[in-house]
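# Architecture and fold: a report
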Amino acid sequence: MLYTADSLAAVAIECRILNCDSSDRYTYDVQRTAEYSVVRYQLRAPAIFIPIDGENKRTLGLRFPDPLYAQHRGVAHQLFGRYGSVVHGLSWASYHRHQPGRVYALWHHHKETVGLAIIPPAPYPKLADDAEWRDLLAAHPEFEPITAA
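In this report, we go over the structure that sits alongside the text. All of these numbers come straight from a predicted model, not from anything done at the bench. Each chain carries its own residue numbering, running from 1 in the direction its sequence is written. Two thresholds apply to this predicted model, a pLDDT of at least 70 for residue-level local features and 80 or more for giving and counting side-chain atom pairs, whereas whole-chain, interface and lining totals are computed over all residues. Note that water and hydrogens are dropped before the side-chain values are worked out from all heavy atoms of the structure.

### A few points about the environment of Ala-122
Runs of E in the DSSP output that reach at least two residues are strands. Runs of H or I that reach at least four are helices, and both are numbered from the N terminus. Looking at the element boundaries, Ala-122 is found in the loop between β8 (117–118) and α5 (131–139). Relative accessible area decides the class of each residue, using a 1.4 Å probe on protein chains only: under 20% of the type maximum gives buried, over 50% gives exposed, and in between gives partly exposed. Taking relative accessible area as the criterion, Ala-122 reaches 54% and is therefore assigned exposed. Remark: the alpha-carbon pair of Ala-122 and Val-39, spanning 83 residues in sequence, is separated by 8.8 Å.

See the structure below:
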């Protein structure tokens, strides 16, 4: 599966670069922002994603906590086996605190089906250098940078 999201904040949280603790304190790992590159995609054809959150979460028997996502992997495998030829992937609101965006997991064999294309230009910036990331940090000065000791 190719994991994408509808916001850079959601991607950063999913990759554990941006974190929010139980006191709603946001931090970000400065070193990791220099390790990850930002690649943006577009779809050139419609795509169908099965939502595994909301009412479907209960219907599919997904419960929390599921720290290793074992239930989720099992459900994803079953959905793929049943619908993988006609459905392009799965989606859900980020399970991280404050759900900063929606995640879209595209089954690899459907990249061509939906006309997945990388939006140029290359080379792709490191997250630390990405304009959208810099704008997010400027809009949220309370996000605290954390550097490794």
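Now, onward.
### Quick word on the sheet that holds strand β5 (residues 49–51)
Neighbouring strands of a sheet are bound in pairs by backbone hydrogen bonds; such pairs are parallel or else antiparallel. Strands were regarded as paired on the criterion that DSSP finds at least two bridges between them. Strand order in the open sheet formed by four strands is β1-β7-β6-β5, with mixed pairing between adjacent strands. The open sheet has two edge strands, β1 (2–5) and β5, and neither has a second partner. Direction aside, the axes of adjacent strands within the sheet are offset by 25° on average. Looking at chain direction, β5 and strand β6 (residues 89–93) are connected through three bridges and run parallel. Within the sheet, the bridge partner assigned to Phe-49 lies in β6 and is Gly-89. For helices, the axis comes from a line fit to the C-alpha atoms of the stretch in contact; other axes are also lines fit to C-alpha atoms, and the angle between any two N-to-C directions lies between 0 and 180 degrees.

### Observations regarding the sheet that holds strand β9 (residues 144–146)
Strand order in this open sheet of three strands is β2-β3-β9, and the pairing throughout is mixed. Two strands lie at the open edges of the sheet, namely β2 (18–20) and β9, each paired on one side alone. On average, adjacent strands in this sheet sit at an angle of 30° to one another, irrespective of strand direction. Pairing analysis gives three bridges linking strand β3 (residues 26–29) to β9, with the strands arranged parallel. Of the residues in β9, the one forming a bridge with Asp-29 is Ile-146.

Take it as geometry only, folks, not as evidence of what the structure does.
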